[in-house]
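# Chains, contacts and geometry: an overview
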Amino acid sequence: MKIPTRAYSLDMNEYDVGVENFHGDKDLNEEDSDEYERDFCNGIDEGEILAEDDDGAEDDIFRQLAQKDKDLLLAAELGKALLEKNEELNQKYELLQEDYSQAVEELEQDKYELKLKVERLQDANDSRVHELQADLVTLRNELKTLQSNSNNDKQSKRETFCWTYGGEHTTAFRSSKGKDR
């Protein structure tokens, strides 16, 4: 939009032309011409006087209006740019929010899967611990049985030995047997 430095109006409604000043198609006679010239010159003189008084103020007003128009255009452009930037940022925000929601959902799914895996491993571990504890009890019982059998075998061998070799060894064996206990 081009802003004129000085505004001119072609709107004739602002001026009172009047029928007496409108001559139409008829030619001006000398008398009318003198009257017209006098009115015209008086109008110019009055206009020039008014223009001289208002010229500085009028220029200042036009400059202020032009500056206001420039400021208004700049504000409109800035407002439009800000709205576009806001829309762009809102779109980016929505994309980031979708990405975030998707990442949170994936993490929740991974967390659930890991929880199930931990539970399965814990159950398998508990089961294995129970098996090992049962094996340990069984092995301890077997060890006690074997130790008992070994002790019984030793005792049995001693007794057999004693019976086999007779009396003098038997007395010596019984006396040493009494010391062991």
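Fair warning: this is a prediction, and the values are worked out from it, not measured in the lab.

A count of helices and strands for the protein chain gives two helices and zero strands. If you sum the accessible surface of the protein chain, you get close to 16,800 Å²; carbon and sulfur atoms cover 54% of it.

Going through the model one piece at a time under the given rule, you end up with four salt bridges. With its nearest N and O atoms 3.8 Å apart, the salt bridge here joins Asp-60 to Arg-63. With Asp-60 and Arg-63 both in helix α1 (residues 30–165), this residue pair falls three residues apart, about one helical turn. The exposure class assigned to Arg-63 is exposed, which follows from its relative accessible area of 54%. As a salt-bridge pair, Glu-88 and Lys-92 come within 3.4 Å of each other at their nearest N and O atoms. Placement of both Glu-88 and Lys-92 in helix α1 is noted, with a separation of four residues, approximately one turn of the helix. Salt bridges sharing partners connect three or more residues here, namely Lys-85, Glu-88 and Lys-92.

Negative charge collects at one region of the surface, where Glu-105, Glu-106, Asp-110 and Glu-113 lie side by side. Here Asp-110 lies in helix α1. The class of Asp-110 is partly exposed, set by a relative accessible area of 40%.

Moving on: the confidence of the model for the protein chain. Averaged over the protein chain, the pLDDT score is 76; the fraction of residues at 70 or greater is 61%. Here residues 40–51 scores under 50 on pLDDT; set against residues more than four positions off or in separate chains, the count is zero contacts.

Rules behind the numbers
- Residues numbered from 1 in each chain as written.
- Predicted model: local features only at pLDDT ≥ 70, side-chain atom pairs only at ≥ 80, totals over all residues.
- Heavy atoms only, no water.
- Helix = DSSP H or I, 4+ residues; strand = E, 2+ residues; numbered from the N terminus.
- Areas by Shrake-Rupley, 256 points an atom, 1.4 Å probe, with all protein chains shown as cover.
- Salt bridge = Lys/Arg side-chain N within 4 Å of Asp/Glu carboxyl O.
- Buried < 20%, exposed > 50% of the residue type's maximum accessible area, 1.4 Å probe, protein only.
- Patch = residues over 30% accessible without salt bridge, like charges linked within 9 Å, V, L, I, M, F, W, Y side chains within 5 Å.
- Lys, Arg positive; Asp, Glu negative; His and termini not counted.
- Charge placed at Lys NZ, Arg CZ, Asp CG, Glu CD.
- pLDDT = per-residue confidence, 0-100.
- Contact = heavy atoms within 4.5 Å.

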